[in-house]
Amino acid sequence: MGSTEDGATPGETTVETAIQQYLESVEAGNSRKNFQSTLATWKDWLRKERSVTALEDLEVIDCRRYARHLKQRARDGDLKASTATTYYAYVRAFLTFCVADELLETNPAKAQRATDELPEDLGDTDRQFWQEAERQAIMRYADERAHDALEDVTNVSRERAFRDRAIVYLLGLSGVRGAEVFSEPSDDKRTGITWRDVELEAGAVRVLGKSRAYEYAQLPERAASALERYKTVLEPPSDDWPVFPTGHAPSKYRAVRRQLADDGVSEDEIEEILDRNDVETVLRDRNVVPPALSTNGARNLMQRLCEGAEIEVDGDYLKPHGARRGLGHELYASGHAELAQSALRHASIETTHESYSDIQAADTAQQVDDLLDG
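- Under an unreviewed UniProt entry, the name given to the protein chain is Tyrosine-type recombinase/integrase, and the source organism is Saliphagus infecundisoli.

### Points about the nonpolar core
Inference 1: If you look at the biggest cluster of nonpolar residues, it comprises 54 residues, and the most contacted ones within it are Ile138, Ile193, Leu227, Phe244 and Met302.
Inference 2: Mapped onto this core, the elements with two or more residues apiece are α6 (132-150), α7 (158-174), β2 (204-208), α9 (221-234), α10 (249-262), α11 (267-276), α12 (279-285) and α13 (295-309).
Inference 3: Per-element tally for this core: the top contributor is α7, with eight residues.
Inference 4: Sequence-distant contacts of Leu227, defined by excluding residues within four places in its chain, comprise Ala166, Leu170, Trp195, Val198, Leu200, Leu219, Val243 and Phe244.
Inference 5: Counting residues in hydrophobic clusters, the runner-up holds 33 residues, among them Ala18, Val60, Leu70 and Phe94.

### Structural notes on the sheet that holds strand β1 (residues 198-199)
Inference 1: Sheet architecture is open: three strands sit in the order β1-β2-β3, paired in antiparallel fashion. Looking at which strands have only one partner, the edges of the open sheet turn out to be β1 and β3 (214-218).
Inference 2: In this sheet, β3 lies alongside β2 in antiparallel orientation, the contact comprising five bridges. The residue bridging Val207 from the neighbouring strand is Glu215, located in β3.

### Details of unusual backbone geometry
Inference 1: The backbone phi angle of Arg212 is positive, close to 70°, even though this residue is not glycine.
Inference 2: Within the fold, Arg212 resides in the loop between β2 and β3.
Inference 3: The exposure class of Arg212 is partly exposed, given its relative accessible area of 26%.
Inference 4: With a phi angle near 60°, Arg345 is a residue other than glycine that sits in the positive phi range.
Inference 5: With respect to the helices and strands, the residue Arg345 is situated in the loop between α15 (337-344) and α16 (349-355).
Inference 6: Owing to a relative accessible area of 16%, Arg345 belongs among the buried residues under this scheme.

### So, the side chain of Thr194
Inference 1: As for its placement among the helices and strands, Thr194 is situated in the loop between α8 (178-181) and β1.
Inference 2: In this view, Thr194 contacts Asp239, Asp240, Trp241, Pro242 and Val243; residues no more than four positions away in its chain are not counted.

Rules and cut-offs
- Residues numbered from 1 in each chain as written.
- Predicted model: local features only at pLDDT ≥ 70, side-chain atom pairs only at ≥ 80, totals over all residues.
- Heavy atoms only, no water.
- Core = buried A, V, L, I, M, F, W, Y, C linked by side-chain atoms within 4.5 Å.
- Buried < 20%, exposed > 50% of the residue type's maximum accessible area, 1.4 Å probe, protein only.
- Helix = DSSP H or I, 4+ residues; strand = E, 2+ residues; numbered from the N terminus.
- Contact = heavy atoms within 4.5 Å.
- Pairing = 2+ DSSP bridges.

Dropping the structure here:
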């Protein structure tokens, strides 16, 4: 039997079609928007990671793997544990609708062996954030590494050293989320920022925010300077070039082969071109845009940098999302709640207050102590 364009067998209901039916049934506009974003990401994850496009093919093991995927993202600091469980709840609610609409017999997301894989929500009391001293230490190390690359006294290339330095400065000072500036393989929309998104003179970088709307993140002078110096070393051939290209050679070769094949170059010609030239030369000469560094790649990079700098945080490394939390924590603790809200692009000041309720509690305790001691 043949397949439809989206991979489902004729007569089957695609996940995408079922999602559209579900969204049409949701009356509250804000709820519909939240469900739509989460379910679209889940649908793409299902297709890429589990090869599932037909609703009838969805099994408990797929839901279990999705729960594990969310748990890993929570461990890596990309999501709060509470947000991960909320995303899963949206999927479970959608599948409950599918059962009620007789599109499924049972809800695979409700199975205990699937929900057992969800992260434990402890209120994120163990959230990591970069302390000021840690931020300064990793920046100093990145500076020294870039200087050594300029002096040719290290085996790290200038391009790589200045790229890594720009990443550290951008994470440490701008408040961006990792998924906003690096690529997220499970999300077609999150392909990493390009040089077209960076406005050095204006002090801003355009990112696809958490709400999946484009917005501008602030770019302090030191971060902008690090990016500008890096751009001089990189010399990107066009504004479509990713700000942080991947260093993963197989990914570059795949991009070259895919692009040249699309341009009508035969397989034998492609291999001949790659035999005669290094992949970096082919990328530039053939106008092939390389893939961006992934969120996982950025985490691995930060781990290597922390090892090199001998920075350890409770037996762990400085995670990308910890930089955002650290910046907000420092601004909030300094009495600049509204500045923290603006830097982190929180929709409301209440979100900022909730994020740093530990500081509020400490301030309240100090005031109570002062009053009672007085």
